[in-house]
Amino acid sequence: MPEEIYSPGLEGVIAGETAISTVAGGLSYRGYSIEDLARNCCFEEVAYLLLYGELPNAEQLDDFYKRLEAAAEVPAPIIDAVRKIPAEASAMDVLRTGASMLAHWDPEINNNSHDANIRKAERLLAQLPVIMAARHRLKQGKEPVDPESGRSLADNCLHMLFRADPTPAHTKAMDVSLILYAEHEFNASTFTSRVIVSTLADLHSGITGAIGALKGPLHGGANEKVMDVLKAVGKKENAETWIRAALARKEKIMGFGHRVYKNGDPRATYLKELCNELAKETGNEDLEITADVIQRVIWEEKKLPPNLDWPSGRLYHYMNLPVELYTPLFVLSRVAGWSAHIIEQLDNNRLIRPRARYTGPERRTWKPIASR
Ligand code: ACO
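Description of the structure in this document. (Residues numbered from 1 in each chain as written. Predicted model: local features only at pLDDT ≥ 70, side-chain atom pairs only at ≥ 80, totals over all residues. Heavy atoms only, no water.)

**Points about the overall build of the protein chain**
In plain terms, the rule: Secondary structure is summarised from DSSP: a helix means a run of H or I of at least four residues, a strand means a run of E of at least two, and numbering begins at the N terminus for each. Summary of the burial criterion: residues with accessible area below 20% of their type's maximum are buried, those above 50% are exposed, and those between are partly exposed, where the area comes from a 1.4 Å probe applied to protein chains only. We call two residues in contact when some of their heavy atoms are within 4.5 Å. Here the open area of atoms and residues is found with the Shrake-Rupley method and a 1.4 Å probe, where only the protein chains shown may cover a residue. Positive charge is attributed to Lys and Arg, negative charge to Asp and Glu, and no charge count is given to His or to the chain ends. By convention, charge coordinates are those of NZ in Lys, CZ in Arg, CG in Asp, or CD in Glu.
For the protein chain, the helix and strand inventory stands at 16 helices and 3 strands. Projected onto the principal axes, the alpha-carbon positions of the protein chain cover approximately 70 × 55 × 45 Å. A burial count over the protein chain gives 52% of its 372 residues as buried. If you take every contact in the protein chain between residues at least 6 apart in sequence, the share linking residues at least 24 apart comes to 75%. For the protein chain, the accessible surface area stands at approximately 18300 Å², while carbon and sulfur atoms represent 53% of it. With 45 positive and 50 negative side-chain charges, the protein chain shows a spacing of 9 Å between the two charge centroids.

**Structural notes on the sheet that holds strand S3 (residues 32-33)**
For clarity, the cut-off: Paired strands, in this sense, are two strands between which DSSP finds at least two bridges.
With respect to topology, 3 strands assemble into an open sheet ordered S1-S2-S3, the strand pairing being antiparallel. Two strands in the sheet have a free side with no partner beyond their single neighbour: strand S1 (21-22) and S3. Note: strand S2 (residues 28-29) against S3, 2 bridges, orientation antiparallel. Opposite Tyr 29, over in S3, you have Tyr 32 as the bridge partner.

Written as structure tokens, this is what we have:
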């Protein structure tokens, strides 16, 4: 046996190899910095890059759009089932159920080959936004809006939610946030998906499990909690007192800290620019000032930088998106990264099965029930 190595939460442990992304030297997807991608690409190009390993040329991108368009139809029994889910169920739970149900209608569910998994990933990329938007509208007593051809995924998402053409600024903000959320190495949900398929389970199982892992407030769920923080603060004049008191109470402030980025999350730095622009456009400058005060004090007191969820929570608020959709939107994007990891895992699979350090009782002797 090799020497026993133990790191709580697997912190700092290299748990596998990947060619999809790295956080070394700033986050990059397949060698391209996220700043470069966010400034110059659309989400579809980035999803293609993650799935296929290279940026598409014009023809490949056009074909990709067409395949996504063709795949966007969700089987009617799934929408019927979504109608019947109790209104109290969270949007994340419904999306997790949706991903699981889509497996039953996927024509290639039992084909775990590389190419079939790419096709399944494309279908999920196209179908999950439809389920998210349909659920949101049904919950409000409105009928779902079908996806429309000629719209990007970001544009369609907003159109299916609000049945109105989004402004170019809103479409751009949505697109950039999808790019920044698309992939992040061995985070908890991605690792979950790799563990699941390392047993040779199917891609839909990996994605369904990953959605469950993403839901938690220490991971994707944090972007929804960011708005609770800002609402609790109230006016910008309260920010300094509020945050100092919260830190004194040892409260965890959602949207701050990161397991890997101890000096700053490059995604948060980039998204803040866009957040500021949208705040100006929508008359939300005061909220940006409040956010800046909180950020400054947490850095002064704890040396904790904001993570991506800090600006993205605000960005979605400025776009009038309901808070319960913030983490589902993360899902719609991360499906690209999860799928790339699932495919990479299966291309060179080894069952993921670590060991545990035993902390239970010493070996003892069984006693008959009458003498216990
Ligand atoms: N607010 C206040 N204190 C914090 C925060 C926070 N958000 N994050 C970490 N700390 C404190 C810890 O309490 C700890 O303090 P201590 O040494 O006095 O006990 C210290 O900073 C180190 O933190 P760890 O918990 O060891 O950091 P870890 O790497 O385990 O956790 C995590 C990272 C889970 C992201 C943590 O920072 C956190 O809970 N943040 C809030 C949730 C959040 O924003 N999650 C989104 C992550 S990014 C994403 O999923 C896109």
